[in-house]
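Secondary and tertiary structure notes
For reference, the chains in residue letters:
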Amino acid sequence: MDPLYKPEGVEARWQETWEDEGLYAAEPGSDRPSFVISVPPPNVTGELHMGHALNASIQDLLIRWHRMRGFSALWQPGYDHAGIATQNVVERAIAKEGLTRHDLGREAFVERTWEWLEHYGGVIYGQFRRLGASLDYRRERFTMDEAYVRAVLRFFVHLYRRGFLYRDNRIVNWCPRCASAISDLEVNHTEVDDHLYTIHYPLADGSGHLMIATVRPPTMLADVAVAVHPDDERYRHLVGKEVIVPVAERRVPIIADDRVDPEFGTGAVKITPGHDPVDFEIGRTHGLPELTVIGLDGRMNEEAGDLAGLTQAEAEKRIVAVLRERDLLESAESYRHSVGHCDRCGSRIEPLITLQWWCEMKELAVPAIEAVQDGRIRFRPERYTKVYLDWMESIRPWCVSRQLWWGHRIPVWYCPDGHLTAAESEPATCAECDARDLSQDEDVLDTWFSSQLWPFATLGWPDETSELAAWYPNDVSSTDRGIIFLWEARMIMAGLELMREIPFHTVNIHSTINAPDGRRMSKSLGTGIDPMEPIERYGADATRYGLLKNSSTQDVRFSYGTIEEGRKLANKLWNASRLILQHAEGIASSAGPRDLEERWILARIEATRAEVEGAWSEFEFATSMDALYHLTFDDFCDWYAEAIKPRLYSGDREAAATALAALERLLALLHPVMPHVTEEIWSQLADRASRLIVAPWPEADLRYADEESALDRVQEAAQIFRRSGVQVELGSDDERRIFAAVVRPERTRADGSREAELERLRREVARAEGMLANERFIANAPAEVVDAEREKLERYRRELAILASGENG
């Protein structure tokens, strides 16, 4: 082995070797149990971000662990077609040629999109390979593949025939830049600075006026009512009367509705169903007209009269000037509020009423709610169960149409009489009147409509394939909380509707990694960190370890500290392995422990195996990284390897054989986390039967379990000596021998004061006992802080007992 561990060469070699040798592959029809991960299909135009890197590290840990345990483990790779994002990218590309998609026409534009993807798409899977992600890359799927498209169209027709899909004029989130509707879940709400105007709306009978607050004066032109809360005594006597909308000069009714917030503005609000989602619902309840004065381009439309063609900002200036001139403006004050913006392009969302395709979700949601309530599907952490159920129980119709050219074109055809025919392929005649002159719907389906089929469409559905029989249901879906509704909930509903079975039994929601300053990671904000940076600097193993150690049930701030810790761990393991291998040439591994430290390390490895298995079964990764770190860095390298050095240097074959056996078990435990360095070391073992990636996971071995705490006293004596220079009397020859080999007290000036150290420990015990006796501290401090204080108290007491016993002896 090289004296220094160089991750760049090692990692690239093993990534290529594993894939070339087919070690990522899963085959259906095996007698082995299966384990399948539903990976969120990444955007075909996207690149790896830190959330992807964390999730991939989690998923690869789970896949490698199950593969080593003998499962037929499938991690299915693939992409979604990212309708809006991909179309935007291609439109920008052709704009450099002075063209628009309309210049090309639909068919030519789609062809150009395929050409662009051939050259630039799919970058992210090269980055997944750099991370060491062991997906079965042979099975790559794309939501625009011919077989997948057939599955999408089959599902649409199924839902249409079941009565769940319909067309309606309803209010949507309209993005003027993307020129398409987008879903509620694809809207980012950000704080913006506007003006809040308080305006006089004269009562039609001349008896006074109402004051109405608004941040959007241009939408006044589409006001059709004024609403107050029915319990608001200030306005109860006015309900049923009329006001005149300024500028528009329209008489509109005053209505009562309990959706009005009496605390907003004056408590009386303008109702504009054409430009506000809540107003739309109020308007439908009260049968109000639905006027729109803002067009699909975000500018004032023809219904705005003299203001037609103006931007909203220009229209606002004119309207405010008229209000001032007529003395109808009570006040204008700065106002900061949350406004929806398109997740794809960042443009301000315009609520507009348009004709769209909708999917009624309530009936589809019922079995998906039951599957979580009865425990067939569980969320980890558990708190996301309530998040899921709350959304599902109040689920609204889903707008599934998008005004794009790239995507799955809606499989509905219209005849001249307006009849609709839904079919998986182009029909020859209208299903109702046999007319032959048919035209297909121009819109495409929301990308998430196709992604919800991922757990089974990638396995061949609607055909009955061996893959589908072997691997559906899947086992785990791991993702960020941001797509619980966009993807997880919809996969559950689609799976139960089409397959009559849940798509997976566990949804793991990993933590969100924020920028070091606590803000969200974002390229546009300048807070994003490319995962390729730490991979280039520290290596993939170190990056994986650092991300996993940073993962928790809460959001975390990115830190290079844990990644640096991972690099040091890989180097430490490398050096300890070199020591053993240099003295084990021609020796077969065999656990035959003679001395205390040998029985102890085998007991510690076994205890850590049980600990990490328990943690990984519950999708808890940070604590297991801590356990593996201490086992490897402290126990194996610092204590065990140092303690057996004299025997290794003397040519003791039994010591070398036991060391090899211990090293093999340690490498297997570490492999799902740090696959490259462990595989490289494993490849140096003389009697290995296979690559480590497919080697058996260590079986339970309790033969030495009683020795797990055998070195506790020696290690605590070492802590005391290193901190204070006080040497503790140890009780056995083994303890003294190990202490001397590891601590080497002869190299340190041991002139510490036993009495001073005893007094310090007594003060620490008293302080910790006082804190833990404080009920306010126990009630208010975070649980981890309280636990840490308890651990300190136990350590202080142990060290005090050791020192005191040495004093008494």
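Look up: the structure comes first, before these words.
Residues numbered from 1 in each chain as written. Predicted model: local features only at pLDDT ≥ 70, side-chain atom pairs only at ≥ 80, totals over all residues. Heavy atoms only, no water.

A look at the overall build of the chain
- For the chain, the helix and strand inventory stands at 27 helices and 25 strands.
- C-alpha atoms of the chain, sized along the principal axes, occupy 105 × 65 × 50 Å.
- Of all 809 residues assigned to the chain, the portion counted as buried reaches 55%.
- Sequence-distant contacts in the chain: of pairs separated by 6 or more residues, those separated by 24 or more amount to 77%.
- Per element, the accessible surface of the chain, about 35100 Å² overall, is 47% carbon and sulfur.
- Side chains of the chain give 94 positive and 135 negative charges; the mean places of these two sets differ by 4 Å. (Helix = DSSP H or I, 4+ residues; strand = E, 2+ residues; numbered from the N terminus. Buried < 20%, exposed > 50% of the residue type's maximum accessible area, 1.4 Å probe, protein only. Contact = heavy atoms within 4.5 Å. Areas by Shrake-Rupley, 256 points an atom, 1.4 Å probe, with all protein chains shown as cover. Lys, Arg positive; Asp, Glu negative; His and termini not counted. Charge placed at Lys NZ, Arg CZ, Asp CG, Glu CD.)

Thoughts on the pattern of salt bridges
- What the rule picks out here adds up to 65 salt bridges.
- Between Arg112 and Glu97 there is a salt bridge, and its shortest N-O distance comes to 2.5 Å. Of this pair, Arg112 sits in helix α5 (residues 106-120) while Glu97 sits in the loop between α3 (83-95) and α4 (101-104); the two residues are 15 residues apart in sequence, bridging distant segments of the chain.
- Between Lys241 and Asp205 there is a salt bridge; the shortest N-O distance is 3.5 Å. In this pair, Lys241 is assigned in the loop between β9 (225-228) and β10 (242-245) and Asp205 in the loop between β7 (187-202) and β8 (209-214), connecting sequence segments 36 residues apart. (Salt bridge = Lys/Arg side-chain N within 4 Å of Asp/Glu carboxyl O.)

Points about the pairing of β8
- Pairing analysis gives 6 bridges linking β7 to β8, with the strands arranged antiparallel. When the sheet's bridge partners are listed, His200 is paired in β8 with Met211.
- Adjacent in sequence and paired antiparallel, β7 and β8 are bridged by 6 residues, among which Gly206 carries a positive phi angle near 80°. (Pairing = 2+ DSSP bridges.)

Observations regarding the sheet that holds β7
- Pairing within the open sheet is antiparallel, and its 3 strands lie in the order β8-β7-β13. The open sheet terminates on both sides in strands that have one partner only, identified here as β8 and β13 (329-342). Within the sheet, the average angular offset between the axes of one strand and its neighbour, ignoring direction, is 20°.
- Sitting on the sheet, helix α9 (residues 312-325) touches β7 and β13, and the angle it makes with β13 is about 160°. (Axes fitted to C-alpha atoms, helices over the stretch in contact; angles between N-to-C directions.)

Observations concerning the sheet that holds strand β22 (residues 476-480)
- Ordered by their spatial adjacency, 5 strands build an open sheet running β2-β1-β22-β23-β15, and the pairing between neighbours is parallel. Edge positions in the sheet fall to β2 (72-75) and β15 (378-380), since each has one partner strand and no second. Neighbour to neighbour, the strand axes of the sheet diverge by 20° on average, direction disregarded.
- Bridging between strand β1 (residues 34-38) and β22 involves 2 bridges; their strand directions are parallel. Paired with Ser38 across the two strands is Ser477, which belongs to β22.

Focus: the side chain of His676
- Mapping His676 onto the fold places it in helix α22 (residues 675-682).
- If we ignore the near neighbours within four places in the chain, the residues touching His676 are Tyr5, Val10, Glu11, Trp14, Gln15, Trp18, Leu131, Gly132, Ala540 and Asp541.

Some thoughts on the packing of aromatic side chains
- Per the counting criterion, the structure on display carries 30 aromatic pairs.
- Each ring, one from Trp65 and one from Trp697, has its centre 6.3 Å from the other, and the planes form 70°; the classification is edge-to-face. Residue Trp65 is found in helix α2 (residues 50-68), and its partner Trp697 is found in the loop between α22 and α23 (712-724); the two are separated by 632 residues along the sequence.
- The class for Trp697 is buried, based on a relative accessible area of 6%.
- Measuring from ring centre to ring centre gives 5.3 Å for Phe636 and Tyr640, while their planes differ by 50°; the resulting arrangement is tilted. Of this pair, Phe636 and Tyr640 both sit in helix α20 (residues 622-649), 4 residues apart, roughly one helical turn. Take Phe636 and Tyr640: they sit in the same class, and that class is buried.
- Chaining the aromatic ring pairs together yields one cluster made of Trp14, Trp18, Tyr24, Tyr79, Tyr125, Phe128 and Tyr137. (Phe/Tyr/Trp six-rings, centres within 6.5 Å; stacked < 30°, edge-to-face > 60°.)

A look at the nonpolar core
- Formed by 203 residues in total, the largest nonpolar core has its most connected members in Leu62, Tyr388, Leu453, Trp616 and Phe636.
- Discounting chain neighbours no more than four positions away, the residues touching Leu453 are Tyr148, Ala151, Val152, Phe155, Thr458, Ala494 and Leu498.
- Formed by 36 residues, the second largest nonpolar core is a distinct cluster that contains Ile254, Ile294, Ile319 and Leu323. (Core = buried A, V, L, I, M, F, W, Y, C linked by side-chain atoms within 4.5 Å.)

Topic: the packing of helix α17 (residues 540-550) against helix α18 (residues 560-582)
- Close contact between α17 and α18 brings their axes to 7 Å; oriented N to C, the two are set at 130°. Viewed along their axes, α17 and α18 adopt a mutual orientation that is oblique. The two elements α17 and α18 meet at a crossing, and its hand is right-handed. For the pair formed by α17 and α18, the contact residues are Ala542, Thr543, Tyr545, Gly546, Lys549 and Asn550 on the first element and Thr562, Ile563, Glu565, Gly566, Arg567 and Leu569 on the second. (Parallel < 35°, antiparallel > 145°, perpendicular 65-115°, else oblique. Left-handed = near helix turned anticlockwise from the far one by under 90°.)

Overview of unusual backbone geometry
- With an omega of 15°, the peptide bond between Trp461 and Pro462 qualifies as cis.
- Structurally, Pro462 can be placed in the loop between α13 (454-457) and α14 (466-471).
- The linkage connecting Tyr472 with the following residue, Pro473, adopts the cis geometry, with an omega of 5°.
- As for its position among the elements, Pro473 is in the loop between α14 and β22.
- Its identity is not glycine, yet Val247 carries a phi of approximately 70°, on the positive side.
- Mapping Val247 onto the fold places it in the loop between β10 and β11 (250-256).
- Positive phi, normally seen in glycine, also occurs at Arg500, with a value near 65°.
- By the element assignment, Arg500 lies in the loop between α15 (484-498) and β23 (506-510).

Some thoughts on the state of the cysteines
- Taken as a whole, this structure holds 0 disulfides when the rule is applied.
- For the unlinked cysteine Cys399, the closest cysteine sulfur is that of Cys359, found at 11 Å.
- Cys399 sits in the buried class, given a relative accessible area of 7%. (Disulfide = S-S within 2.5 Å.)

Considering the environment of Trp454
- Looking at where Trp454 falls in the secondary structure, it is placed in helix α13.
- Its relative accessible area of 1% is what places Trp454 among the buried residues.
- Separated by 49 residues in the primary sequence, Trp454 and Pro503 have C-alpha atoms spaced 9.4 Å apart.
- Contacts of Trp454, omitting those with residues within four sequence positions, involve Val39, Pro41, Gln76, Pro77, Gly78, Tyr79, Arg141, Thr143, Tyr148 and Trp487.

Considering the packing of helix α21 (residues 653-670) against α22
- Two numbers describe how α21 lies on α22: the axes approach to 9 Å, and their chain directions differ by 155°. Classified by the interaxial angle, the pair formed by α21 and α22 is roughly antiparallel. Note on packing geometry: the crossing formed by α21 with α22 is left-handed. Counted together, Leu663, Glu664, Leu667 and Leu670 of α21 and Thr678, Ile681 and Trp682 of α22 form the full contact between these two elements.
- When the residues that make up the contact of α21 with α22 are grouped by side-chain class, the tally is 5 nonpolar, 1 polar and 1 charged. (Nonpolar A, V, L, I, M, F, W, Y, C, P; charged D, E, K, R; others polar.)

Concerning the side chain of Thr219
- Relative to the assigned elements, Thr219 resides in the loop between β8 and β9.
- Among the residues examined, Thr219 registers a relative accessible area of 5% and is labelled buried.
- If we skip the residues at most four places from it in the chain, Thr219 touches Lys270, Thr272, His275, Val293 and Ile294.

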